[in-house]
Amino acid sequence: MIKRHSIKSVQSLRLPELMEAEVVSGAPDLKIKLKGSDKLIIPKELIVVAEHLCRVHRKANLTNVGKTSISKQTFTADTDLVMQHQHSVSVDVELKERDFTAEQSEIHFLNEDSEDDLLKKGDKVMALSFEGGQKFFVLDRIVTY
């Protein structure tokens, strides 16, 4: 009796399942369909998305030692706002093989069309079903070769 009950309990468990899916509608009204199930569309209310697929602006520290080169750029200004008479000022700036550090810089991730790199219609993703198949966690985009 106990053995039979234990077997039924294990059989009734729905373990998380990894599956391919396709984005049917991008954010903010995200929808996905599971591979092999064209009629079942999963609405945004049942989808959890990894943060890196939702944010396109991220902070980062960038360091490049002795290899940074910035081509010559000219900056111009007029002194009429500071002095009673006007002078034009021009400064050329150029860096060759210098150290470069940018702290707390913002990186904006773009897709190949120079748009925000968010999930869009047609993207293939890897999803994990949980809560007995009632919710889906989108882990990442996937690419096949």
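What comes next is a walk through the structure. Going along each chain's sequence as written, the residues are numbered from 1 onward. Local features in this predicted model are restricted to residues whose pLDDT is 70 or higher, and side-chain atom pairs enter the listing and the counts only when it is 80 or higher, whereas totals over whole chains, interfaces and linings include all residues. Hydrogens are left out, water is left out, and the side-chain values use all remaining heavy atoms of the structure.

A regular strand places its side chains so that they alternate between the two faces of the sheet. Pairing between strand β1 (residues 17-25) and strand β7 (residues 124-130): six bridges, direction antiparallel. Among the inter-strand pairings, glutamate 22 is bridged to a residue of β7, identified as lysine 124. Between β1 and strand β2 (residues 31-34), which pair antiparallel one after the other, the connecting turn spans five residues. We call two strands paired when DSSP finds no fewer than two bridges between them. A run of DSSP states H or I qualifies as a helix once it reaches four residues; a run of E qualifies as a strand once it reaches two. Both are numbered from the N-terminal end.

Let us look at the pairing of strand β8 (residues 135-141). Both strand β4 (residues 47-49) and β8 contribute to a ladder of three bridges, which runs parallel. Each residue of the ladder has a partner; that of isoleucine 47, found in β8, is phenylalanine 136. Pairing geometry for β7 and β8, over six bridges, is antiparallel. In the strand pairing of β8, phenylalanine 130 is matched with lysine 135. Hairpin remark: β7 followed by β8, antiparallel, with four residues in the connecting loop; positive phi at glutamate 131, about 55°.

Our next topic: the environment of glutamate 97. By secondary structure assignment, the location of glutamate 97 is in strand β6 (residues 88-108). For the pair glutamate 97 and glycine 66, spaced 31 residues apart in sequence, the C-alpha separation works out to 5.0 Å. The contact definition used throughout considers only heavy atoms, calling two residues in contact when any of these lie within 4.5 Å. Apart from residues lying up to four places away in sequence, glutamate 97 is in contact with Gly66, Lys67, Thr68 and Ser69.

On to the side chain of serine 129, then. Relative to the assigned elements, serine 129 resides in strand β7. Beyond its immediate stretch of four places on either side in the chain, serine 129 contacts Pro16, Glu17, Met19, Lys135 and Phe136.

Strand order in the open sheet formed by six strands is β3-β2-β1-β7-β8-β4, with mixed pairing between adjacent strands. One side of each edge strand has no neighbouring strand; the edge strands of this open sheet are β3 (41-42) and β4. Taken together, the four bridges between β1 and β2 define a ladder with antiparallel strand orientation. Bridge pairing in β2 links serine 25 to lysine 31.

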